[in-house]
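Geometric and topological summary
So you can see what is in the structure, the chains are spelled out below.
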Amino acid sequence: MYPSFVALRGAVREASGHDFLSHLSEAARPVDFQISTASYTSWHKAGRAFDTLFNYSAGGRTVLYISPELIGGRLFWRLYLRATQQDGTQGTPLIAPVFNPSSRTLFPPPNGYFVDFTALAAKHGWRRIAAQERETFNWRENLLALEYWHFEQRGGLSWYAAMALVHDQRTLERLFTPERLIAAGSRPTNLSFLGLPWIPPPPTITGPIVRRYGPR
C-alpha cells in the first residue's frame, strides 16, 4: 500500500482515536476483474483506490456518519468519525445533516465531536468520487451506487499511465482493446480519456471558444 495510505491511517487514528483503516472493504483488484456494478477501468486495478468499510461502530455505538454534498450538480459524500474523546480535545461539533443509507433518510446532526475523515484523506492525496447516476446503476435505486466509501489517488496520471506502473503492456493491450472496453460497459466517447496509446487522444481545441446562450 502507498506510503500516503499508511500516513493517512496514522493521521486518522491520532485525530479520532479509531483505527478506521485497519480493515477495508476492498483495495487492489485483479487486472481482469469484471462485474456489472464496477467499472472495468477502475483505479482499484492500478492499486490507487480503496473502499472503507460501509459501516463502522465501536463499543456498541455508531462511529461512521456520512453527509451529502452537492457539487456541480453531482452528489458527493463527506465522511465523519465520532471521536473517542468527547471532551473537545478531538474533533469538532457536527453541523451537517447525516444520511442513513438503509432508509435513504436525512437526520439532524448528532451531538458530540467528530473528525472529518474526507478532509484528512484529501490532505494525504486521496479524493472521493461522486455517487453513480448511470441509467442502469443509479444511487437512487442501488445501494452500491452510493460510492461514499470509495477514495482514489490518481497522482496526476492518466489511467493507462498508472496501470503501466504495475502491469505489463502486453497484458494491457490484450485486456483493454476498444471492443472489450465497450463490451464491458465503457462509453465510446470516454475511451480517448483513458490515455491508452492504441486509442487516439481526445481532440484539442485550438480555435476561439464561441459561447452560445439561450435555447438550443
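None of these values were measured; they are calculated from a predicted model. (Residues numbered from 1 in each chain as written. Predicted model: local features only at pLDDT ≥ 70, side-chain atom pairs only at ≥ 80, totals over all residues. Heavy atoms only, no water.)

1. Overview of the packing of aromatic side chains
Overall, the coordinates contain 15 aromatic pairs when judged by the stated rule. Look at Phe-54 and Trp-149: their rings are 4.1 Å apart centre to centre, the planes differ by 25 degrees, and that puts the pair in the stacked class. You can see Phe-54 sitting in the loop between strand E1 (49-51) and strand E2 (57-58) and its partner Trp-149 sitting in the loop between strand E12 (137-138) and strand E13 (150-152), a full 95 residues away along the chain. Overall, Phe-54 belongs to the partly exposed group, its relative accessible area being 30%. What links up through ring pairs into an aromatic cluster is the set Phe-5, Phe-20, Phe-50, Tyr-56, Phe-117, Trp-126 and Phe-151. (Phe/Tyr/Trp six-rings, centres within 6.5 Å; stacked < 30°, edge-to-face > 60°. Helix = DSSP H or I, 4+ residues; strand = E, 2+ residues; numbered from the N terminus. Buried < 20%, exposed > 50% of the residue type's maximum accessible area, 1.4 Å probe, protein only.)

2. Describing the pairing of strand E5 (residues 74-82)
Across the nine residues that make up E5, a large majority, eight, are buried. Of the strand pairs in this sheet, strand E4 (residues 64-71) and E5 are connected by eight bridges, and their pairing is antiparallel. Bridged to Leu-70 within E5 is Leu-75. In sequence, E4 turns back onto E5 through a hairpin of two residues, with Gly-72 there showing a positive phi of about 60 degrees. Of the pairings in the sheet, the one linking E5 to strand E9 (residues 113-116) comprises three bridges and is antiparallel in character. Opposite Tyr-80, over in E9, you have Asp-116 as the bridge partner. (Pairing = 2+ DSSP bridges.)

3. What about the pattern of salt bridges?
For the structure shown, the criterion picks out nine salt bridges. Here Asp-19 ties to Arg-9 by a salt bridge, and the two come within 2.7 Å at their closest N and O atoms. Here Arg-9 lies in helix H1 (residues 3-16) and Asp-19 lies in the loop between H1 and E1, a separation of 10 residues in the sequence. Arg-9 gets classed as partly exposed once you look at its relative accessible area, which sits at 30%. One connected set of salt bridges, linked through shared partners, spans Glu-69, Arg-78, Asp-116 and Arg-128. (Salt bridge = Lys/Arg side-chain N within 4 Å of Asp/Glu carboxyl O.)

4. Considering the nonpolar core
With 28 residues, the main nonpolar core has Leu-8, Phe-20, Phe-50, Trp-77, Leu-79 and Phe-117 as its most contacted residues. Going through the elements one at a time, H1, E4, E5 and helix H2 (117-123) are the ones with two or more residues in this core. Here the element with the most residues in this core is E5; it accounts for four residues. Apart from the residues lying within four places of it in its own chain, the contact partners of Trp-77 are Ile-66, Ser-67, Pro-68, Phe-99, Thr-118, Arg-128, Ala-131, Leu-146, Glu-147 and Tyr-148. Counting 17 residues, the second largest nonpolar core, distinct from the first, contains Trp-159, Tyr-160, Ala-162 and Leu-191. (Core = buried A, V, L, I, M, F, W, Y, C linked by side-chain atoms within 4.5 Å. Contact = heavy atoms within 4.5 Å.)

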